[in-house]
Structures are given as C-alpha cells and as structure tokens.
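Observations on the three-dimensional arrangement
Residue strings, one per chain:
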Amino acid sequence: MISEFQDLSVKIDLLAELTHALRRENAELRLANAALGAENAVYLQRISEAHLRVESLLEKIPELVQAGLAEAAEEKDA
C-alpha cells in the first residue's frame, strides 16, 4: 500500500513538473507569437506601400505612352 502511495507521489511530481514546463513553453510561444504578429504587421504595411507605388506607376503609363508617341511623331516630322 505504501509503495502505491509512493508511486502515486512520483507520478504527481512528474505531472507537476510537466505542468510547469508546459506553462513556460506556452509563455515563450505567446511571446514568439506576439513578435511574429508585429513582424507580420510591418510586412503588411510594406506590401500596402508597394501596392500604392505600383498603382501610381500604372496610372502614369498612359501618360508616358502618349508622351512617347508625341515625341516619336515630332522626330518623324523633323
């Protein structure tokens, strides 16, 4: 009977150690998750800024093409 209590006590100690280890790991994972979330926000902002720059350039293409055509016509006439 005493041996069963000792076995149970050992198992309880192991469970307590495992619980503490899992809590530490959970805290570390929460910190890592927060850091990755912040990094992701930075990347999303950079993507948004790049998207705006590309849109701006795409809007200028017709103007540049028109200017190029006008310049080509002037060279042809000259």
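Further up the page is the structure itself.
As a starting point, this report considers the structure included with it. (Residues numbered from 1 in each chain as written. Predicted model: local features only at pLDDT ≥ 70, side-chain atom pairs only at ≥ 80, totals over all residues. Heavy atoms only, no water.)

Notes on helix α1 (residues 2-77)
- Taking 1.5 Å per residue, 76 residues should reach 112 Å; α1 reaches 110 Å between its end C-alpha atoms and fits that length.
- In the structure, α1 departs most strongly from a straight axis at I61, where the bend amounts to approximately 35 degrees and where the proline P62 lies between one and four residues downstream. (Helix = DSSP H or I, 4+ residues; strand = E, 2+ residues; numbered from the N terminus. Expected span 1.5 Å × (residues − 1). Bend = angle between axes of the 7 residues up to and from the residue.)

Brief notes about a negative patch on the surface
- Taken together, the side chains of E71, E74, E75 and D77 make up a negatively charged region of the molecular surface.
- With respect to the secondary-structure elements, E75 resides in helix α1.
- You can call E75 exposed: its relative accessible area is 55%. (Patch = residues over 30% accessible without salt bridge, like charges linked within 9 Å, V, L, I, M, F, W, Y side chains within 5 Å. Areas by Shrake-Rupley, 256 points an atom, 1.4 Å probe, with all protein chains shown as cover. Salt bridge = Lys/Arg side-chain N within 4 Å of Asp/Glu carboxyl O. Lys, Arg positive; Asp, Glu negative; His and termini not counted. Charge placed at Lys NZ, Arg CZ, Asp CG, Glu CD. Buried < 20%, exposed > 50% of the residue type's maximum accessible area, 1.4 Å probe, protein only.)

Side note on a nonpolar patch on the surface
- The grouping of V54, L58, I61, V65 and L69 at the surface amounts to a nonpolar patch, some 450 Å² of accessible area in total.
- As for its placement among the helices and strands, L58 is situated in helix α1.
- Relative accessible area serves as the criterion here: at 52%, L58 is assigned to the exposed category.

Fair warning: the whole summary comes from geometry, so function is off the table for now.
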